[in-house]
Structure formats: C-alpha cells, structure tokens
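Each chain, written out:
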Amino acid sequence: MPRKLLLLPPLSACSAVRVPRVRPAASPAMNAARTGYRVFSANSTAACTELAKRITERLGAELGKSVVYQEPNGELNCPGLELGILLGLAMWHHHASKAETRVEIKESVRGQDIFIIQTIPRDVNTAVMELLIMAYALKTACARNIIGVIPYFPYSKQSKMRKRGSIVCKLLASMLAKAGLTHIITMDLHQKEIQGFFSFPVDNLRASPFLLQYIQEEIPNYRNAVIVAKSPDAAKRAQSYAERLRLGLAVIHGEAQCTELDMDDGRHSPPMVKNATVHPGLELPLMMAKEKPPITVVGDVGGRIAIIVDDIIDDVESFVAAAEILKERGAYKIYVMATHGILSAEAPRLIEESSIDEVVVTNTVPHELQKLQCPKIKTVDISLILSEAIRRIHNGESMAYLFRNITVDD
C-alpha cells in the first residue's frame with residue numbers, strides 16, 4: 001500500500017531558524033536619569049533663592065531649570081506720561097495684586113527624585129501657591145519622588161482650634177499631599193504634633209546645634225550666661241539649652257506675658273451667652289477666671305549675660321519687654337536667639353531702640369532687608385544640615401545621624 005505524502009507548508013526564512021530575542025542594554029544615560037535627582041527653587045523672588053543656592057553648592061549640583069513668575073490676570077494698559085508716574089505705579093500694583101502664579105519646568109524630570117526648596121517670604125500665600133503649583137507640575141511630568149524642603153513651615157501657629165476657626169496647618173498638609181509631595185524636610189516646627197497632620201514622612205530637623213555652637217564661639221565669657229525663657233511656654237526649650245551648655249536657667253512669668261494657653265481653644269465654642277437657659281437640675285462647676293501674678297523672674301540674672309531662646313521671632317514686643325525686665329534685674333548683656341527670624345512690621349526699629357544687644361537667627365527665612373535696617377541682627381547658616389538631609393534621602397541612608405542626642409523637648 002503506497003504511503004501518503006504529508007505536504008507541509010514551506011518554512012520561511014524567519015521560521016527556519018529561531019533566534020533568541022536579546023533585550024538591548026540600557027544606556028548609562030537612561031540609568032542616570034532613572035536614579036538621579038534635581039533640586040529646584042519654587043520662589044519667584046531673587047532674595048528667597050539664596051538658601052537654595054547655598055544648598056546646591058554644598059551638594060555640588062546645579063539648580064534645576066524652571067521659571068516661576070506672577071502673570072497679571074488681564075492686560076495691563078500703561079498710562080501715558082501725562083497721567084504721571086504715580087498713577088502708573090498705582091495701576092501696576094492693582095494689577096499685580098490680581099496676578100496668577102505660573103510655573104514652567106525647563107528640563108526632563110521623569111523618574112527622578114525632585115527636591116523643591118521653598119523659603120517663605122512676607123507674602124506667605126504667594127509662596128504657598130508657588131510650592132503647590134510646582135509640585136503638581138513635577139507630578140504631571142512623571143517625577144518619581146517629590147520632596148519639599150520647607151525650612152519654615154507656614155501657618156504652623158494655626159495648629160489648634162480657636163473658637164469657630166479652623167486648623168489651617170492641617171488643611172495645608174492635605175493640600176501638599178494632594179499636589180504630589182511625598183516627603184517633607186522642615187526645621188523646628190512650632191508644634192511637634194504638626195507631623196501627625198501629614199500622610200507621608202516628615203523630617204523635623206533641629207537648628208539648636210548651630211545656635212549652641214554660635215553661643216560657644218561668638219559670645220565672649222558665655223560661661224557667665226544664663227538661659228532665659230520669656231514665658232513658661234518656652235521653658236522646655238530653654239531648659240534643653242541650659243543643660244547642654246551647663247548653664248543656669250531663668251523663667252519670666254507674670255501679667256506682662258500673653259501665651260497661647262490663654263486663648264480659647266475651641267472647647268468653649270459656641271461662646272457663652274448671658275442669661276442662657278440651663279436645664280433644671282444641671283449645675284456645672286464654673287471655671288474660675290485666670291489672674292496672672294505680678295511680673296517675676298524665676299532665677300538669678302544679676303551681673304550675668306542673659307540669652308533668651310525661642311523658636312520664632314515675629315513681632316518683637318514681647319522680647320523687648322523681656323529685655324527691659326532683665327535689665328532691671330541686673331543683666332548686663334542680652335542676646336535673643338531663635339530659629340526662624342520672621343521679623344515683621346517694625347521689628348528692626350524696635351530691636352535697634354531696645355536693650356537687646358544682639359538677635360541671632362538662622363537663614364530659614366530671608367531677612368537681608370531687616371539686617372540692613374538693624375545691624376544687631378546676625379545670621380547662622382543652616383544649609384549644611386539641609387544639604388546632608390537631601391543627600392541621605394536620595395541615597396536611601398538613615399537620617400539618625402542628623403538626630404544624634406536630640407530629645408523630644410529639643
């Protein structure tokens with residue numbers, strides 16, 4: 001019986017020999033882009049980019065290419081010369097107040113770790129919008145991680161409920177997360193509990209090592225000094241400085257001070273109303289009104305150097321009042337030291353005319369203009385610890401080195 005021939009389709013050149021598929025090796029440039037990092041500044045004013053430049057110099061990097069500016073909402077019709085220069089400036093200011101923030105990223109950030117350095121000038125709301133818009137722009141540009149470096153965190157004083165107000169700091173934390181931030185590096189939060197407002201990691205660095213070093217190196221005869229808390233609220237911070245420097249401690253207490261604890265915190269909301277109806281048979285004990293004692297200084301400051309420490313110097317009236325009290329008690333030289341030197345309103349003039357000999361703050365907030373107005377203001381650079389934090393986070397290293405010997409009260 002003849003065999004049947006099985007006819008197979010002819011093999012093509014491709015099917016005759018199977019060549020294993022070899023994936024092309026990734027170029028070094030692709031790997032560098034995937035694991036690199038960039039540092040951007042989100043400020044539209046030149047004075048606020050000084051800290052960012054110091055940080056990038058220490059990192060041996062360059063600032064990322066971006067443009068942040070305020071675009072007037074509508075066309076600005078410049079008046080003729082016959083209307084006068086003052087009218088033109090007034091119209092320019094009117095339109096500038098209605099400007100919109102614009103951010104343009106001028107280079108690729110795909111797959112990279114991005115660090116946004118944002119220092120907070122006097123125009124806090126504009127700085128917040130610049131940070132939010134830049135973070136969202138980087139998020140839409142496919143950045144791998146977006147880390148905000150915010151040395152002074154704005155709205156940190158509004159971290160408690162005030163009657164029918166709101167906890168604005170919590171709102172800002174939610175906005176930053178929604179914009180795309182995945183991590184924050186900040187310094188000396190006004191309340192450490194603010195870290196709990198965030199849904200991502202927060203590294204709260206400390207400026208106290210730099211300020212302690214300044215005391216030891218720049219204050220002559222600092223062994224004859226005493227650390228002063230201008231109110232009981234600042235006693236823990238002052239105690240930390242005193243214990244580390246092996247110095248004495250003094251606390252100012254009395255009716256001249258007005259602390260946050262004296263303000264309504266929401267537990268009396270809605271406020272009490274006169275002639276309010278009370279449920280029959282319900283008698284709650286009445287909270288006695290506070291009455292502060294006469295001004296007192298707990299501790300000896302006579303014939304010594306007084307160093308007042310705090311976290312923020314904004315309106316300096318309380319510091320000036322404390323300095324006058326210390327002078328009356330015999331202190332012959334008075335220093336004020338704080339992390340954040342906001343120095344708003346008439347602060348430079350008040351410091352210059354006061355008994356304060358020197359105000360020492362860090363450069364978490366730009367204050368070059370205030371230094372020109374008052375030579376008593378000195379600056380301590382903290383770019384070293386911020387640049388080291390950026391390097392460690394990018395390399396996946398532990399941050400414990402930056403918190404050596406740091407306690408909860410620091």
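Residues numbered from 1 in each chain as written. Predicted model: local features only at pLDDT ≥ 70, side-chain atom pairs only at ≥ 80, totals over all residues. Heavy atoms only, no water.

1. So, the sheet that holds strand β10 (residues 296-298)
Here comes step 1: Within the open sheet, the 7 strands sit side by side as β10-β9-β8-β11-β12-β13-β14. Their pairing is mixed. Edge positions in the open sheet fall to β10 and β14 (377-380), since each of these has one partner strand only. For this sheet the average axis-to-axis angle between neighbouring strands, irrespective of direction, equals 25 degrees.
Here comes step 2: Here 4 bridges tie strand β13 (residues 358-362) to β14, and the two strands are oriented parallel to one another. When the bridges of β14 are listed, V360 appears paired with K378.
Here comes step 3: Strands β11 (305-313), β12 (333-341), β13 and β14 of the sheet are contacted by helix α7 (residues 208-218), whose axis makes an angle of about 155 degrees with β12.
Here comes step 4: Packed on one face of the sheet, helix α9 (residues 317-328) meets β8 (225-229), β9 (248-253), β10, β11 and β12 and runs near 170 degrees to β11. (Pairing = 2+ DSSP bridges. Helix = DSSP H or I, 4+ residues; strand = E, 2+ residues; numbered from the N terminus. Axes fitted to C-alpha atoms, helices over the stretch in contact; angles between N-to-C directions. Contact = heavy atoms within 4.5 Å.)

2. What about the sheet that holds strand β5 (residues 145-150)?
Here comes step 1: The 5 strands are arranged β1-β4-β5-β6-β7 in an open sheet whose pairing can be described as parallel. Strands with a single pairing partner mark the edges of an open sheet, and in this sheet they are β1 (37-41) and β7 (202-205). Going from strand to strand, the sheet's axes swing by 15 degrees on average, the running direction of each strand aside.
Here comes step 2: Examined bridge by bridge, strand β6 (residues 183-187) and β7 share 4 bridges and lie parallel to one another. Bridge pairing in β7 links M187 to L205.

3. Here's the deal with the confidence of the model for the protein chain
Here comes step 1: Summing up the model confidence of the protein chain, the mean pLDDT is 83 and the portion of residues at 70 or higher is 79%.
Here comes step 2: Overall, residues 3-34 carries pLDDT values under 50, and its contacts beyond four positions in sequence, including any with other chains, amount to 7 contacts.
Here comes step 3: Here residues 76-95 is modelled with pLDDT under 50, and outside its nearest four sequence neighbours on either side it reaches 8 contacts, counting other chains as well. (pLDDT = per-residue confidence, 0-100.)

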